Amino acid sequence: MELIKSGITAIATPVSTSIPQIRRDFTRRFTNGQRYLEAAGRKFDQPTHYARKIMLLGDLYDDPTLDRFIGYCIGADKMDIASFKGILRDYNAGKLMLPKPVSESAEAAGGMDYRDDDPALTRECSYYEVNTKSEDRE
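Along each chain, residues carry numbers from 1 onward, in the same order as the chain's sequence is written. Local features are withheld for residues below a pLDDT of 70 in this predicted model, meaning they are given only at 70 or higher, and side-chain atom pairs are given and counted only at 80 or more; totals for whole chains, interfaces and linings count all residues. Computation of side-chain values covers all heavy atoms of the structure but excludes hydrogens and water.

S.K.: What am I meant to see in the overall build of the chain here?
M.R.: Working definition: helices are DSSP H or I runs of at least four residues, strands are E runs of at least two. Numbering for both runs from the N terminus. When its secondary structure is counted, the chain shows 8 helices and 0 strands. The buried share among the 138 residues of the chain stands at 27%. Expressed as a percentage of contacts within the chain between residues at least 6 apart in sequence, the contacts between residues at least 24 apart total 59%. Reported accessibility uses the Shrake-Rupley method at a 1.4 Å probe radius. Residues are deemed covered only where the shown protein chains occlude them. Only carbon and sulfur atoms are counted for the fraction: they give 52% of the accessible area of the chain, which is about 10100 Å². For the exposure calls, accessible area comes from a 1.4 Å probe over protein chains only, and a residue counts as buried if that area is under 20% of its type's maximum, exposed if over 50%, partly exposed in between. Here, two residues are considered to be in contact whenever any of their heavy atoms come within 4.5 Å of each other.

Shown next as structure tokens:
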């Protein structure tokens, strides 16, 4: 019985074939996953087909590396699997350098580190008084 169980896991597909499950797995594994599915959905009839092919590359690359490539491909508008694999080949051959990953907090703050004490984020109280008075007149 043990031999049969180990044989089944060796044959089982490493990535789901269910479209809803592919969407869930892709967006859970990659921070650029939702962006990719939205952008690819505008370009292809079945974006989950390409998402599944990308997830299958998880045997060769770790998730953070694939996530960086996904982000690069969205920006370069090269989201089909042939272009994606071509970019991976160029990277492996040393013909392409990907930018360093940007932390989510820096990305949300427009590329800068967010700080609560940033003077550009602080307004004088008079700003609110002026705007409130002009709304009362209308």
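S.K.: How do you make sense of the side chain of Thr48 when you look at a structure like this?
M.R.: Along the chain, the position of Thr48 falls in helix 4 (residues 47-56). Judged by relative accessible area, which is 6%, Thr48 ranks as buried.

S.K.: Looking at this structure, how should I read the nonpolar core?
M.R.: Across soluble globular proteins, nonpolar side chains show a tendency to be buried alongside one another. Take the buried Ala, Val, Leu, Ile, Met, Phe, Trp, Tyr and Cys residues and link them wherever side-chain atoms come within 4.5 Å; each set so joined is a nonpolar core. Core analysis: the biggest nonpolar cluster contains 27 residues, and Phe26, Tyr36, Ile54, Ile70, Met79 and Phe84 have the highest contact counts within it. Put simply, the parts of the chain that give this core at least two residues each are helix 2 (19-29), helix 3 (33-43), helix 4, helix 5 (63-76) and helix 6 (81-92). Broken down by element, the residue count for this core peaks at 5 residues, all from helix 5. Look past the residues within four positions of Phe26 in its chain and what remains in contact with it is Gly33, Tyr36, Leu37, Ala51, Ile54, Met55 and Ile70.

S.K.: Is there a simple way to explain the packing of helix 3 against helix 4 in this structure?
M.R.: Geometry of a packed helix pair, given as the angle between the helix axes and the separation of the axes. For every element, the axis is a line fit to its C-alpha atoms; helices are fit only across the contacting stretch, and the angle between N-to-C directions ranges from 0 to 180 degrees. The N-to-C vectors of helix 3 and helix 4 enclose an angle of 135°; their axes lie 8 Å apart at closest approach. Judged by the inter-axis angle, helix 3 sits oblique to helix 4. Handedness of the crossing formed by helix 3 with helix 4: right-handed. Residue-level inspection shows Tyr36, Leu37, Ala40 and Gly41 of helix 3 in contact with helix 4, the latter providing Pro47, Thr48, Tyr50, Ala51 and Ile54. Three classes are used: nonpolar for Ala, Val, Leu, Ile, Met, Phe, Trp, Tyr, Cys and Pro, charged for Asp, Glu, Lys and Arg, and polar for all others, with Gly counted as polar. Grouping the constituent residues of the contact of helix 3 with helix 4 by class yields 7 nonpolar, 2 polar and no charged. Any angle from 65 to 115 degrees is called roughly perpendicular, while one under 35 is roughly parallel, one over 145 is roughly antiparallel, and all others are oblique. It is the rotation of the near helix from the far one that decides the hand of a crossing: anticlockwise by less than a right angle makes it left-handed, clockwise makes it right-handed.

S.K.: Where do I start with the pattern of salt bridges in this structure?
M.R.: Side chains that differ in sign of charge can pair as their charged atoms come close. Here, a salt bridge means any Lys or Arg side-chain nitrogen found within 4 Å of an Asp or Glu carboxyl oxygen. Enumeration over the complete set of coordinates arrives at 3 salt bridges. A salt bridge links Asp63 to Arg29; the nearest nitrogen and oxygen atoms lie 2.8 Å apart. Highlighted residues: Asp63 in helix 5 and Arg29 in helix 2, separated in sequence by 34 residues. For Arg29, a relative accessible area of 26% translates into the label partly exposed. A salt bridge links Asp77 to Lys43; the shortest N-O distance between them is 3.3 Å. Note that Asp77 is positioned in the loop between helix 5 and helix 6 and Lys43 in helix 3, a separation of 34 residues in sequence. With a relative accessible area of 39%, Lys43 lands in the partly exposed category.

The analysis is restricted to geometry; functional conclusions fall outside its scope.
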